[in-house]
Each structure stands twice: as C-alpha cells, then as structure tokens.
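Close look at the chain arrangement
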Amino acid sequence: MSAGYAEIAITSVLNSEKSFCKFLSANDTGATGAHQSGILISKTAMEMLFSREQLEQEGIPKRTVKIKWQNDFETESCFTYYASKNELRITRFGRGFPFLHINQTGSLFVFTKQAEENYSGYFLDTEEEIEEFLNAFGISPTETNSLINVENVRAETQEQIAIQEFIANLEVDFPTSEEMSATARYIQDRAYDHIEYIQTNPDRKIIDWTNMEYTLFRALEYARYGDIITKGFSDVDEFVKVANMVLNRRKSRAGKSLEHHLAAIFDGNAIQYSAQTVTEGNKKPDFIFPSGEAYHNSSFDIQKLVTLAAKTTCKDRWRQVLNEANRLKDSPKYLCTLQQGISGAQMDEMQAENVVLVVPEPYIVSYPKDRRDRIWTIARFVKYIQEIEG
C-alpha cells in the first residue's frame, strides 16, 4: 500500500457527514471462508447506513449505494440489515475486489459518508498508517468498531488555523492585552461553538477563554522568539534581556486577561458596569456595578452598589481589594480569581474582612471542603447583579 492513504482517510473523515472504523475480522476477510457475506458493521453505525423509514420496510432492509475505494475506483455495493441475526453488513463488492483477502485480516477499515448515496472506504494495513489515523482522532484500538467523533478534531484544526492566521496578519510584534483577549474569545467561540455558555455556563466560558488566550499567547511567543532561542545567545546579558522581556510581557498580559473576559461575560448578560473607575484618591476597583457615576452619586442606594476585583491569583494579594471603595467599606468585597485553592486560615481571614471569593465552578473543589459554601460561582455573581439591576 502507498504511504498516503492514512492522510487521505483522515481528510475524508473530517469532510464527511458520518464516519466509522473497525479492524477487519477473519470473518470479514474470508479467513473463515465466509467473506461473501460482507463486512460486518457495528449497530452503533446504523444511522450512517439506514434511515428509520428504510429500516421499517418489509422484508430484509437493503440499500444500494456508490462506494469509492482508496480514492480510486467505485463499486455499487449494498447495505443489508438481517434483523433475524441482528447483523448489519456491507455486501456486493464485485468480482476481483482486491481488499478482502486473508492477508488483510487486522487491517483498519475506515468508512465515510459524503451524501445519502455516496460513501468512501479505505483499508489501512501498516502499523504506521493505523497509528497515524487513530492518533489523529484520539482513538485507542479498543474504541474502534463504532462511529468516529470528529468534533474535537475539527475544532482543534480550526483553532490552529485561526491562530496562525492571526499571527500572520499582525502588524505589530505583540498586540494589546485587550486585543489578545478578544481574539482568544473569537477563536474559542468559532472553533468550539457554545457561545450560549456566556449566559448558561459563564464559569465554563471563563476557563475556556482563558485557556485559549494562553494557547494563543504561547504560539505568538514561539513565532517571535523561537528562532532566537534555537540559535542561542552570545552571552548571559543577552539571555537575561530576552528572558526579562518575555516574563514582563507574560505578567502584564495575565494581569489584564481575567478582567477582559469578565467584561465580555457581563456584556453578554446585559449587565451595567464601569471598569477601572476612580473612586477616592487614585483607587480603581476593577468593576463597579452599575456604574462609576452611580458610585459618586451620594443619593444612589448603597445597597445597589457592588464592586468586584479580578485577580488571576489571590493567595497574597487579596488584601489589596479591602480599601478600593470607601463608600462600600461595610459592604461585601467581591473578588473573582482563577486561584485553585488557598488555605482554610486564609479563607477565614477573608471572611473576617467581608471578602467573598468568586471562583469558576470547576475550581471550587480545590478549596477546603468545609469552607466551599462561602465561595460564589461566576454564574451566581452574574445572577446576583442582574437581580440588583433589575
């Protein structure tokens, strides 16, 4: 077999409506003397071969379709369902069909559906090609003989294409943190969909957006510094200079990332807020709800004013939020963080200072079990602000 069939089969799966793979059994290849009965297909792939109406026809349900084999020649083959045996088979390959013979027992059979009457089939018979195909879709050998789930692979492919397009079209070395965050959200929403999570599952969305931004930033770093690092440095001073530049940029971006993504969650939930509004002196809470103007209006109901700080980590810096808004010194101070766990003693200190942690729901399990009920999810905080703002 030539070396290109695994790649062709992968492309066919990605461009198909549905796809299936299995290792050919001795029965399939005729090693048992019964290959004329066709390739046995798992019933998990029934929807790929028959519609419900076709299965309800009288007698033995059959369908004639065109199958293109190895991207080369076509046959008019037949799908047959034997209800009495509870078997689903592909039959009728034509005389001289070259692939169903004893030596191909154990080959990987890949079957894809392009349209109602048009299918493609591939036989991968080298270990290299079989591994290449299975690895492309994250399938273990024990997970074959079923439909292939391509959504994650399609999404990852779209993600990589979008990242490379973004980097290729940049007119600066590094864009602003706001542009990086916005691009990460755009790529994540485009590749993985579920934009409705902004409202239905904001905790998940914050994590997904943040992870995407880290992926995007690392790809950009590699594009900008990969060659420099590979070639090496002429002296220690040059190494330190580049290292400091990289680290400072990472710190700057990470500090703003969470704020940008929270703002997108608030926008997506029609929440009113002001970001980085000056309160007293030069203090700037990350968010004031409903607005900085309302905060400075002494007649505005203090019960309807809320501040939220955003800190990627808060193990040591949480005290910075205590005095950001003098008018709300006796009100709860909400602090959103991506910190995964702090000590019970620190949580007790926070509670004594009336600080309420707001943490993405999947991260709450990393906090002391007996204190988790003090933590708010992002969804809970969003709902609370929506209720206050009416």
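We now turn to the structure provided with this report.

About the criteria used
Residues numbered from 1 in each chain as written. Predicted model: local features only at pLDDT ≥ 70, side-chain atom pairs only at ≥ 80, totals over all residues. Heavy atoms only, no water. Salt bridge = Lys/Arg side-chain N within 4 Å of Asp/Glu carboxyl O. Helix = DSSP H or I, 4+ residues; strand = E, 2+ residues; numbered from the N terminus. Buried < 20%, exposed > 50% of the residue type's maximum accessible area, 1.4 Å probe, protein only. 1 Å grid on protein atoms, 1.4 Å probe; cavity = no way out; pocket = protein on both sides within 12 Å on 5 of 7 lines; lining within 4 Å. Points joined across faces, edges and corners; volume = space filled by probe spheres on them. Nonpolar A, V, L, I, M, F, W, Y, C, P; charged D, E, K, R; others polar. Core = buried A, V, L, I, M, F, W, Y, C linked by side-chain atoms within 4.5 Å. Contact = heavy atoms within 4.5 Å. Pairing = 2+ DSSP bridges.

Moving on, we come to the pattern of salt bridges. Between side chains of opposite charge, a pair can form when the charged atoms approach closely. Applying the stated criterion across every chain yields a total of 13 salt bridges. In this structure, D208 engages R204 in a salt bridge whose closest nitrogen and oxygen atoms are separated by 3.1 Å. Of this pair, D208 and R204 are both found in helix α9 (residues 202–231), four residues apart, which corresponds to roughly one turn of the helix. Note on D208: relative accessible area 18%, which makes it buried. Residue classification places R204 among the partly exposed residues on the basis of a relative accessible area of 30%. Because the salt bridges share partners, they merge into one network encompassing R63, K113, E116 and E117.

Turning to the side chain of T277, a few remarks are in order. Relative to the assigned elements, T277 resides in the loop between β9 (274–275) and β10 (287–289). Residue T277 is classed as buried on the basis of its relative accessible area, which comes to 18%.

Here the focus is the layout of surface pockets. Space inside the second largest pocket adds up to approximately 170 Å³. Looking at the second largest pocket, the residues that line it are E178, R185, K256, E259, H260, A263, A264, D267, A275, Q276, D286 and F287. Breaking the lining of the second largest pocket down by element, the ones donating at least two residues are α7 (177–192) and α10 (236–268). When residues in the lining of the second largest pocket are grouped by element, the largest group, six residues, is from α10. The residue inventory of the lining of the second largest pocket, partitioned by class, reads four nonpolar, two polar and six charged.

What follows concerns the nonpolar core. In terms of nonpolar packing, the biggest core is built from 43 residues, with L262, F266, F289, L308, L357 and F381 touching the most fellow members. The contact partners of L308, leaving out residues within four places of it in the chain, are L262, F266, D286, F287, F289, Y334, L335, C336, V358 and F381. Among the nonpolar cores identified, the runner-up in size contains 24 residues, and L49, I67, W69 and F111 belong to it.

Let us now look at the pairing of strand β5 (residues 87–91). In terms of burial, β5 is largely enclosed, as four of its five residues are buried. One ladder, built from three bridges, connects strand β2 (residues 39–41) with β5; its direction is antiparallel. Looking at the pairing, L40 lines up with R89 of β5. As paired elements, strand β4 (residues 73–82) and β5 share five bridges and run antiparallel to each other. Directly across from T80, in β5, lies its bridge partner R89. Connecting the antiparallel pair β4 and β5 is a turn made up of four residues, with N86 showing a positive phi of about 55°.

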